[in-house]
Amino acid sequence: MAGGSKPPPLNQRSNWHGVLLAMDLIFTNLVNGLMLGALYAIVSVGLTLVFGIIKVINFAHGEFLMVAMFLVFFATAYFGVHPYVTLVVVLPLIFGLGMLVQRVLIEPLQDSDEHIMIFATVGLSIAMINLMLMLFGPDIYSTPSSGLRTVVDMGPAMFLTGQLNILIAAIALVGGIHLFLTRTQLGRAIRATGQNRAAAQLMGINVSWVYMVTFGIGVSCVGLAAVLIAPLYPTSPEVGQYFVLLSFVVVVMGGLGSISGALLAAMIIGIVDAFAGFYLGANVKDLVVFGIFLLVLIFRPQGLFGGARNMSHVS
Amino acid sequence: MTMKNKLARALLPAALAVATSAGVISTASADEVKFGALYPLSGSLALLGEESFRGLEIAVEEINANGGVQGMQVVLAGGDAVDQNQAIGEARRLISREDVAAIFGTYSSSRSIAASQVSELAGVPYFELGAVAHEITNRGFDNMYRTNPTARHMARTHVDMILEAVAPALGRDATDLRIGIIHEDSNYGSSVASFQELYGEEAGLNIVMVEGYPATNVDMSSIVLRLRERDVDIVMQTSYQDDSILFLRQANERGYEPAAIIGGGGGYSMVPTAEAVGVDVIEGVLNADFTQYSVNEGFAVGVEEFVEAYRAKYGSDPRSGHSLNNYAGAKVVLEALDQVEGFTPETIREALMAVDIPAGTTAVGYGAKFAENGQNDAAFMMGMQWRDGELITVYPPDAAVADLEL
């Protein structure tokens with residue numbers, strides 16, 4: 001606070017003072033909400049991409065984030081570099097892991113019942129959590145913050161440089177994926193496969209390869225998220241679970257498969273979360289967030305930005 | 001710490017859990033008495049579950065070296081309570097296949113509640129040495145006993161510490177301080193918070209905010225803002241580890257500096273928490289928890305010997321106070337059982353009800369006297385403070401190694 005003086009208690013403030021403070025608080029909550037929204041967005045983008053193209057609901061999405069955060073931690077500790085530099089190690093590894101999972105787990109089940117695929121990814125999620133518990137125990141591992149927890153003071157609102165980077169990266173990621181999908185040959189092949197797998201195959205697209213690349217890109221998005229999040233949040237085998245529930249809400253609310261929709265939905269949820277958390281309390285904020293989510297499902301089941309899409313995974 | 005060390009340290013509990021659970025299972029012969037040892041030895045609670053089990057093991061070795069119980073050597077049959085279902089399954093196995101005289105456990109409240117339902121139905125006594133949920137000893141069970149302090153004692157220590165140590169250290173009247181209670185909203189945090197409210201109001205404290213939040217929260221900036229808006233002087237947080245770190249970091253980064261922050265066990269007691277938030281940020285933060293090692297040895301009599309025995313057996317320092325509290329609790333129970341003849345539920349009850357150990361004579365400092373519901377009413381929690389990266393006991397004065405400073 002400027003001058004270090006504490007605001008007087010609410011009941012002792014004059015009206016004018018109150019209005020100014022109320023505006024300060026609105027601004028503060030807005031900034032908090034944007035930062036939180038960016039966090040949800042960067043975790044959700046890969047999930048919606050995989051769903052839109054491969055039509056797989058990847059319940060292990062959060063665990064890819066967790067594994068990538070462990071990679072960031074160990075790469076930072078081992079090489080002694082800035083966490084962001086570990087991207088060059090983390091991205092190829094997590095991309096490869098994603099391709100492998102698609103090849104050995106998802107692809108053999110591609111033509112089976114949707115429920116089977118759900119069970120497969122849920123199983124993968126449980127296996128990944130327990131593998132990490134076995135290897136590293138339930139302890140937390142703190143990646144050094146390397147200056148990313150530096151506070152940026154914007155009058156009443158404050159945020160961390162690391163949070164601002166997440167916001168910038170989330171927007172850049174959404175823009176980048178959009179360009180990639182619309183402007184490159186591979187991107188167009190991916191979209192074609194997503195629209196109609198059989199037709200894409202007839203046009204000579206190697207569908208199996210496209211799916212592997214798409215899954216790889218999808219989990220690489222959480223690889224990027226992990227590099228940005230690890231310096232701000234402690235890593236543990238359970239950390240993926242913290243983020244994944246809301247990222248499902250974001251993906252469904254934004255319209256399954258819609259990448260820009262996910263960004264906007266994440267921002268909406270982040271802002272609602274911040275305002276509800278402040279004005280109503282942390283114990284009721286989930287009520288508000290999920291209440292809005294239910295309303296969207298009732299009145300716009302295709303999501304805010306979802307159009308008519310081919311959602312069949314066997315077409 | 002190097003990577004290799006960290007990895008070795010991480011892998012060790014799993015290896016030990018396998019080794020110990022395989023090693024302790026044996027059949028009781030005529031000059032042996034067998035008890036169950038039910039702890040989470042794998043899964044997400046394995047670290048502190050195993051730490052708790054080590055305390056019991058050391059107590060048993062000590063008792064056996066001194067002639068055992070009723071002239072018989074104590075044998076432990078291990079059970080792995082990895083989750084509630086398995087806790088129930090393992091309790092059944094210990095009772096029906098291993099034929100144990102009683103079960104010791106459990107560290108985790110939810111596993112304790114589940115497993116003790118089985119033992120109660122079978123009429124087998126259950127000794128809880130480490131789980132804190134209030135209801136464990138408040139279900140009208142006949143064969144449930146608990147040696148350790150509970151959620152209620154934690155809140156008691158919080159409030160007493162504010163009244164007798166925090167307010168004087170601040171040079172203010174306790175009733176003038178604005179108190180905020182925040183807690184993770186599962187059974188653990190909610191029950192501690194409700195007792196904080198109860199005892200706080202009884203003592204005339206001005207509680208201006210009580211708020212729960214899900215422990216999986218990834219952002220607590222709105223809670224920090226709310227506390228600051230309400231001019232809260234003293235924040236009490238009952239939390240796990242991630243949310244403790246999140247709150248301490250975000251409060252610090254947002255320049256929110258209440259006169260005191262008092263944590264409740266969980267994350268506030270752990271060195272990795274201090275490392276994650278920074279030694280300078282956690283400096284001065286208070287905490288209530290089971291007795292730890294930086295405690296007045298004249299009050300916690302035998303704590304040094306325990307640490308030596310632990311080092312000799314496991315080759316490292318204890319990783320938390322859980323082993324110490326399980327050790328002290330198990331000793332109280334086993335020594336009491338030595339005073340009677342036989343191991344029927346009736347004689348065990350008779351033995352426990354006769355226990356009357358004053359504070360200042362055990363390795364954990366607190367005494368032992370069991371109420372009708374089986375709860376040790378002489379138990380209490382210690383008040384601690386982070387100083388220079390170490391958690392030292394500052395309350396009550398008898399147990400303190402330094403004065404509380406703010």
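Each chain has its residues counted from 1, running along the sequence as written. Whichever chain is written first becomes A and whichever ligand is written first becomes 1, with later ones labelled in order. Only residues with pLDDT of at least 70 are given local features in this predicted model, and only at 80 or more are side-chain atom pairs given and counted; all residues enter the totals for whole chains, interfaces and linings. Side-chain calculation: all heavy atoms of the structure are included, whereas hydrogens and water are not.

A.B. asks: Account for the overall build of chain B, naming residues and giving values.
C.D. replies: Working definition: helices are DSSP H or I runs of at least four residues, strands are E runs of at least two. Numbering for both runs from the N terminus. What chain B contains, in helices and strands, is 13 helices and 12 strands. Relative to the 2.2 N^0.38 estimate, which gives 22 Å for 406 residues, the radius of gyration of chain B is 21 Å and therefore close to what a compact globule would have. In terms of principal-axis extent, the alpha carbons of chain B reach across some 65 × 50 × 40 Å. For this analysis, residues touch if any pair of their heavy atoms sits within 4.5 Å. Once local pairs closer than 6 in sequence are excluded, the contacts in chain B between residues at least 24 apart make up 68%. Accessibility throughout is a Shrake-Rupley quantity obtained with a 1.4 Å probe, and a residue counts as covered only by protein chains that appear here. When the accessible area of chain B is evaluated, it comes to approximately 14,400 Å², of which 50% is carbon and sulfur surface. Within chain B, one finds 27 positive and 56 negative side-chain charges whose respective centroids are separated by 6 Å. We compute the radius of gyration over the C-alpha atoms and compare it with the globule rule, which gives 2.2 Å times the number of residues raised to the power 0.38. Positive residues here are Lys and Arg, negative ones are Asp and Glu, while His and the chain termini are left out of the count. Throughout, a charge is located at the NZ atom of Lys, the CZ atom of Arg, the CG atom of Asp or the CD atom of Glu.

A.B. asks: So, the sheet that holds strand 6 (residues 178-184) of chain B: which residues are in play, and what are the values?
C.D. replies: Strands pair in a sheet through their backbones, by hydrogen bonds, and they do so in one of two ways: parallel or antiparallel. Residue and element names in this part refer to chain B. The pairing criterion for strands is at least two bridges between them, as found by DSSP. Spatially, the 7 strands line up as an open sheet ordered 7-6-8-9-10-11-12, and their pairing is mixed. Pairing within the sheet leaves two strands with one partner each, and these edge strands are strand 7 (206-213) and strand 12 (390-395). Along the sheet, successive strands turn relative to each other by an average axial angle of 25°, direction set aside. Across 3 bridges, the pairing between strand 9 (residues 260-264) and strand 10 (residues 286-289) is parallel. The residue bridging G264 from the neighbouring strand is A288, located in strand 10. Working convention: axes come from line fits to C-alpha atoms, limited for helices to the stretch in contact. Angles between N-to-C directions cover 0 to 180 degrees.

A.B. asks: How would you explain the confidence of the model for chain B if you had to name every residue and give the values?
C.D. replies: Each residue carries a pLDDT score, the predictor's confidence in it, ranging from 0 to 100. Averaged over every residue, the pLDDT of chain B is 91; residues scoring 70 or more account for 93%. Low confidence marks residues 12-26 of chain B, where pLDDT is under 50. Its contacts with residues over four positions away, or in another chain, come to 21 contacts.

A.B. asks: Residues and numbers for the interface of chain A and chain B, please.
C.D. replies: Chain A puts 50 residues into the contact, and the matching count from chain B is 36 residues. For this analysis, a salt bridge means a side-chain nitrogen from Lys or Arg found within 4 Å of a carboxyl oxygen belonging to Asp or Glu. At the boundary of chain A with chain B, the tally comes to 1 salt bridge. Residue B:E253 is joined to A:R149 by a salt bridge in which the shortest nitrogen-to-oxygen separation is 2.5 Å. We define a polar contact as two N or O atoms separated by no more than 3.5 Å, with the added condition that, inside protein, one atom must be a possible hydrogen donor and the other a possible acceptor, whereas residues neighbouring each other in sequence contribute only through side-chain atom pairs. Between chain A and chain B we count 11 residue pairs in polar contact (both at pLDDT 80 or more) in total. Of all the elements in the fold, those that place two or more residues in the side of chain A that touches chain B are helix 1 (15-54), helix 2 (61-79), helix 4 (114-136), strand 2 (157-160), helix 9 (239-254), helix 10 (259-279) and helix 11 (282-299) of chain A. Counting residues per element, the side of chain A that touches chain B draws most heavily on helix 1 of chain A, at 7 residues. Nonpolar residues are Ala, Val, Leu, Ile, Met, Phe, Trp, Tyr, Cys and Pro. Charged residues are Asp, Glu, Lys and Arg, and all others, Gly as well, are polar. Along the lines of polarity and charge, the residues of the side of chain A that touches chain B split into 33 nonpolar, 10 polar and 7 charged.

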